[in-house]
Amino acid sequence: MKKIVTIIGTRPQIIKSAAISRAVEKKFPNKLEEIVVHTGQHYNENMSEVFFNELGISKPQYNLRVGSGSHGKQTAEMLIGIEDVLEKEKPDALVVYGDTNSTLAGATAAAKMNIPVVHIEAGLRSYNKSMPEEVNRVVCDHLSTLLFSPTKSGFLNLKKEGFSEDNMPPFNPDNAKIYHCGDIMYDNSLYFSALANNKNTVIEEYGLQNRTFFLSTIHRGSNTDNADHLNEIFEAFLEVMEKHDDKVLVLPLHPRTKKCMDKYLSKNTLNRIEANDRIKIIPPVSFLNIIALEKNCEMVITDSGGLQKEAFFFKKPCVILRPETEWVEIVENGNAIITDYHKDKIIDAITHFSKNDSLTYPDFYGNGRAAEFICSEIISNL
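Residues numbered from 1 in each chain as written. Predicted model: local features only at pLDDT ≥ 70, side-chain atom pairs only at ≥ 80, totals over all residues. Heavy atoms only, no water.

(A) Summary view of the overall build of the protein. Along the backbone of the protein there are 17 helices and 13 strands. The principal-axis extents of the C-alpha atoms in the protein amount to approximately 60 × 40 × 40 Å. Relative to its full complement of 382 residues, the protein shows a buried share of 56%. A separation of at least 24 residues holds for 72% of the contacts in the protein among residues at least 6 apart in sequence. Only carbon and sulfur atoms are counted for the fraction: they give 49% of the accessible area of the protein, which is about 16,300 Å². Here the protein contributes 43 positively and 51 negatively charged side chains, and the mean placements of these two sets differ by 2 Å. (Helix = DSSP H or I, 4+ residues; strand = E, 2+ residues; numbered from the N terminus. Buried < 20%, exposed > 50% of the residue type's maximum accessible area, 1.4 Å probe, protein only. Contact = heavy atoms within 4.5 Å. Areas by Shrake-Rupley, 256 points an atom, 1.4 Å probe, with all protein chains shown as cover. Lys, Arg positive; Asp, Glu negative; His and termini not counted. Charge placed at Lys NZ, Arg CZ, Asp CG, Glu CD.)

Structure representation (structure tokens):
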């Protein structure tokens, strides 16, 4: 029996970890023991409880309750807490996801203690180091022993940075093993899709049963904390609603983004947004509800990395409100258009997808069994 410590810190990571925890429980109960550590990077008692209960995930054995703070302070407090857990649990490996401060802290603590790091979502690159996430993911990759890339482009990025696909065991950070394995979020989307059909509440609650609607999310600081960017995005939404008078725009909005709207939007734009009954600003929704919205919408307009992929999973086009994306394959295949915050580009992209029904959706993200593959490789190689 091998023991892994899994580090989560944000709500997307709770969701991602569900796939690995499910594989451990259903496929490898006698070969893997998982200890889950929640750093508390994005911790809210009510919201986190909803996620764990809704997705049927066991609650973490440890909660460090680090909370918000500067990048340095937050990461330092996580390092201290994670190191204490690793000293107590003495795992065979540490598993981290993606690109958050929790990921960086977990990988750094484990690497300094000579505990193998398993990085899920390795190799993703925006090639924009002004993004803290880019720094986190690059550093984590170069501390890791097993690197699981969800995409071919991510795998090729690792090769460009000097990782070899021909390395032989025993594996370590100087002789790492890299994989193109598919995406655990595709595993989750398939698994939870049927559940979302039966358990979602959002479609009925907001009267969307027989409506054609766009789904949008905005949360990145580069958009929310910049008055020019935020005004252009919402002015684009207003113009789109004028051009598409049969559509609704559904915008699940974090309270922080709502505060930024009140602070940065021009009075005229804010008044027009609030007066438009076809722009439905709603509170943040659960994972099952966001799946229901994705499955039923016409297209997704977002600055979220996760929603870009999920739009593809459910065969919906995506307008990306960022200057770049890690998921380059969906742009190259024509399923997504990068517009950043620019009003005219946003309007043009939405118009383009409204007239284009010939998109294809190749199996870029695997076969829905990435988590099982990852667990089997951990068992075999660590």
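(B) Spatial organisation of the packing of aromatic side chains. Overall, the coordinates contain 13 aromatic pairs when judged by the stated rule. Each ring, one from Y191 and one from F192, has its centre 5.0 Å from the other, and the planes form 90 degrees; the classification is edge-to-face. Taking the relative accessible area as the measure of exposure, Y191 reaches 40% and is therefore partly exposed. According to the relative accessible area criterion, F192 is buried, its value standing at 1%. Here R22 stacks its cationic end above the ring of Y191, 3.9 Å away from the centre of that ring. The ring centre of Y179 lies 5.5 Å from the NZ or CZ of K177, which sits over that ring. (Phe/Tyr/Trp six-rings, centres within 6.5 Å; stacked < 30°, edge-to-face > 60°. Lys NZ or Arg CZ within 6 Å of the ring centre and 35° of its normal.)

(C) Representation of the packing of helix α11 (residues 255-264) against helix α12 (residues 267-275) in the model. Where α11 contacts α12, the two axes come as close as 8 Å, and the packing angle between them is 130 degrees. Between α11 and α12, the angle is such that the two are oblique. Facing K258, M261 and D262 of α11, the residues of α12 in contact are L270, I273 and E274. In the contact of α11 with α12, the residues fall into three nonpolar, no polar and three charged. (Axes fitted to C-alpha atoms, helices over the stretch in contact; angles between N-to-C directions. Parallel < 35°, antiparallel > 145°, perpendicular 65-115°, else oblique. Nonpolar A, V, L, I, M, F, W, Y, C, P; charged D, E, K, R; others polar.)

(D) Geometry of helix α14 (residues 305-313). With eight of its nine residues buried, α14 lies for the most part within the structure. The set of residues buried in α14 consists of G305, L307, Q308, K309, E310, A311, F312 and F313. Of the surrounding secondary structure, the elements contacted by the buried residues of α14 are α7 (184-199), β8 (212-217), α13 (287-296), β11 (299-302), β12 (318-320) and α15 (328-332). Here α14 starts with a cap whose side-chain oxygen sits 3.2 Å from the backbone nitrogen of G306, and that cap is S304. Where α14 ends, the next residue or the one after it, K315, has phi of about 60 degrees, a positive value. (Polar contact = N/O pair within 3.5 Å; in protein donor to acceptor, adjacent residues only side chain to side chain.)

(E) Structural view of the pattern of salt bridges. Overall, the coordinates contain 21 salt bridges when judged by the stated rule. Ionic pairing is found between D183 and K309, a salt bridge with its closest N-O pair at 2.6 Å. Placement of D183 in the loop between β7 (177-180) and α7 and of K309 in helix α14 is noted, with a sequence separation of 126 residues between them. The pair formed by D183 and K309 is uniform in burial state, with each residue classed as buried. Ionic pairing is found between E324 and R322, a salt bridge with its closest N-O pair at 3.5 Å. Here R322 falls in the buried class, since its relative accessible area comes to 2%. Salt bridges sharing partners connect three or more residues here, namely D99, E134, R137, R322, E324 and E326. (Salt bridge = Lys/Arg side-chain N within 4 Å of Asp/Glu carboxyl O.)

(F) Region of interest: the sheet that holds strand β5 (residues 117-120). On the basis of which strands lie adjacent, the open sheet formed by seven strands has the order β3-β2-β1-β4-β5-β6-β7 and parallel pairing. The open sheet has two free edges, formed respectively by β3 (62-63) and β7, since each of these has just one partner strand. Sitting on the sheet, helix α4 (residues 101-112) is in contact with β1 (2-8), β4 (93-97) and β5, with an inclination near 160 degrees to β4. (Pairing = 2+ DSSP bridges.)

(G) Main features of the packing of helix α1 (residues 11-27) against helix α17 (residues 370-381). Between α1 and α17, the shortest axis-to-axis distance is 9 Å and the interhelical angle comes to 70 degrees. One element, α1, and the other, α17, form an angle in the roughly perpendicular class. Relative to α17, α1 is oriented so that their crossing is right-handed. On α17, the residues touching A19, I20, A23, V24 and K27 of α1 are A371, E372, I374 and C375. When grouped by side-chain class, the residues that make up the contact of α1 with α17 number seven nonpolar, no polar and two charged. (Left-handed = near helix turned anticlockwise from the far one by under 90°.)

Distances and angles like these do not, on their own, reveal function.
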